[in-house]
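Each chain, letter by letter, is given below.
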Amino acid sequence: MTMTTDRENWSKQLFDQFREANVSLFGYVPDAGNAALIDMVDAHNETRSVLLSTEEEGVAICAGADLVGERAVVCMQSSGVGNCPNFLGLVKGGRFPMFMMISMRGDHGEMNPWQYPMGQAVEPVLEAMGILIYRVERPEELEPVTRAALDAAFTAGQGVALILSQKFLGAKAF
Amino acid sequence: MPDSTIDRRDLLTQLMPDPDRYLIITGLAGAARDVAAYTSETDNVLTLGGAMGAAVSIGLGVALSAPDEQVAVVTGDGELLMNVGALATVASMMPDNLTIICIDNGCHGETGGQPGHTSRRTDLALMADGAGLPSTLTVDAPAQLAGAAKFLTEAPAPRFLCVRVQDGPPAAYKRDWDLAACRLRFRQAYLDRKQAG
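Report follows, based on the coordinates. (Residues numbered from 1 in each chain as written. Chains lettered and ligands numbered in written order. Predicted model: local features only at pLDDT ≥ 70, side-chain atom pairs only at ≥ 80, totals over all residues.)

## Observations concerning the overall build of chain B
For step 1, the next point in the chain: Secondary structure assignment for chain B yields eight helices and eight strands.
For step 2, the next point in the chain: The C-alpha radius of gyration computed for chain B amounts to 15 Å, which stays within 12% of the reference 16 Å derived for 197 residues, consistent with globular compactness.
For step 3, the next point in the chain: The dimensions of chain B, computed from C-alpha atoms along their principal axes, are 45 × 35 × 30 Å.
For step 4, the next point in the chain: The buried share of chain B, taken over its 197 residues, is 49%.
For step 5, the next point in the chain: Pairs at least 24 apart in sequence give 74% of the contacts found in chain B among residues at least 6 apart. (Helix = DSSP H or I, 4+ residues; strand = E, 2+ residues; numbered from the N terminus. Rg over C-alpha atoms; globule rule 2.2 N^0.38 Å. Buried ≥ 20, exposed ≤ 12 C-beta atoms within 10 Å, placed from the backbone. Contact = placed C-beta atoms within 7 Å.)

As structure tokens, then:
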């Protein structure tokens, strides 16, 4: 099985779970880790992607969707987490449900030194803002961890981050 | 300081004679107070007290998720500039139910009136135009407000109106600071109206 096919398979698994949870809007800053998912969002007639200029816009868009009873998620690379904390105050202060899908860099096997500072700060930054961490390391974890994160966000009204680790994604080769 | 003869406290009655026709999201500080005082914070209004830079994106989330509603974002020049890339995101999505009104006083009124970029060389309507919004307009005199109101109902959306105002104080109004309560009120009222058809 090639790498690409693998990514399409797990992205399809994720997409199906998002659909089952009635997520209709997907904010994203492009990343290799969310590319296949966003292609599926664009190909489906009941889901819509929103290309963001910066990641925190996606946090705000999720809040806006919630205000009218719809469900949105925001997808980003780990480097974008650092742009989000001020807007994540909406979660703690307003009890908005929030689902962030974060594809990691600066993690297991990273070869670009620029990725390490923010990559290693992702979990402490999110925890400081009250966001619950759901981390995927192995393929068999994807389905149950995603399900738990979706339930926490959209049934229990929590702020969550589904973190796709570099062990799961495969480190980028340079 | 913008060369304007508009007093912000006279503005909204002329721009939005029927505020109930919109779902309204405001930025923080002056814009929030102006809208809250004008509407008495009816349940179609959500005002921010923090998360500076989020207003346009929250409004976009509402507009995309409730395509049958008219959505208005009312914010200030500082709040808008803090996340001005959101205008490009709006233009990419082209929601035909979104209106953005910027009350541009050219300064950071809430923190003591320190000058902002629009008091120097920055033109927000040009930035919105450059982002790709189909309709943009700047007004700076009371006589132009009737035309601005017409722009808000007739110009192709998403539309951006910049109202340059004098740097006087916003409306005096004590807002509800409990965002969780405001969220629930806005959300439940919308869902109830939707269910009632």
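## Here we look at the interface of chain A and chain B
Buried accessible area, meaning the area lost when the parts come together, often serves as the stated size of an interface.
For step 1, the next point in the chain: Listed per partner, the contact involves 28 residues of chain A and 27 residues of chain B.
For step 2, the next point in the chain: Of all the secondary structure elements, the ones that give two or more residues to the side of chain A that touches chain B are strand 2 (48–51), helix 3 (55–67) and helix 4 (85–94) of chain A.
For step 3, the next point in the chain: No other element matches the nine residues that helix 3 of chain A contributes to the side of chain A that touches chain B.
For step 4, the next point in the chain: Considering only residue class, the side of chain A that touches chain B consists of 15 nonpolar, eight polar and five charged. (Nonpolar A, V, L, I, M, F, W, Y, C, P; charged D, E, K, R; others polar.)

## Focus: the packing of helix 3 (residues 55–65) of chain B against helix 5 (residues 86–93) of chain B
Residue and element names in this part refer to chain B.
For step 1, the next point in the chain: Direction vectors running N to C along helix 3 and helix 5 enclose 15°, while the axes themselves pass 9 Å from each other. As the angle between them shows, helix 3 and helix 5 are arranged roughly parallel. Helix 3 and helix 5 meet at a crossing whose hand is left-handed. Listed contacts from helix 5 to Val-56, Ser-57, Leu-60 and Leu-64 of helix 3 are Ala-86, Leu-87, Thr-89, Val-90 and Met-93.
For step 2, the next point in the chain: Looking at side-chain class alone, the contact of helix 3 with helix 5 contains seven nonpolar, two polar and no charged residues. (Axes fitted to C-alpha atoms, helices over the stretch in contact; angles between N-to-C directions. Parallel < 35°, antiparallel > 145°, perpendicular 65-115°, else oblique. Left-handed = near helix turned anticlockwise from the far one by under 90°.)

## Quick notes on the pairing of strand 1 (residues 22–26) of chain B
Residue and element names in this part refer to chain B.
For step 1, the next point in the chain: Most of strand 1 is tucked away, with five of its five residues classed as buried.
For step 2, the next point in the chain: Every second residue of strand 1 is oriented toward a common face, with Tyr-22, Ile-24 and Thr-26 on one face and Leu-23 and Ile-25 on the other, all of them buried.
For step 3, the next point in the chain: Strand direction decides the pairing type here: strand 1 and strand 3 (residues 70–76), joined by five bridges, are parallel. If you follow Tyr-22 over to strand 3, its bridge partner there is Gln-70.
For step 4, the next point in the chain: As judged from the three bridges shared by strand 1 and strand 2 (residues 45–47), these two strands associate in the parallel manner. Each bridged residue has a counterpart across the sheet, and for Ile-25 the counterpart in strand 2 is Leu-46.
For step 5, the next point in the chain: As for the winding sense of the linkage, the β-α-β connection from strand 1 through helix 2 (residues 29–39) to strand 2 is right-handed. (Pairing = 2+ DSSP bridges. Right-handed = clockwise from strand over helix to strand, strands pointing away.)

## So, unusual backbone geometry
Residues and elements named next belong to chain B.
For step 1, the next point in the chain: For the peptide bond that leads from Ala-157 to Pro-158, omega is 0°, which places it in the cis range.
For step 2, the next point in the chain: Phi is positive for Glu-41, which is not a glycine, with a value near 50°.
For step 3, the next point in the chain: With respect to the element layout, Glu-41 can be found in the loop between helix 2 and strand 2.
For step 4, the next point in the chain: Located in the positive-phi region is Ala-51, a residue other than glycine, with phi close to 50°.

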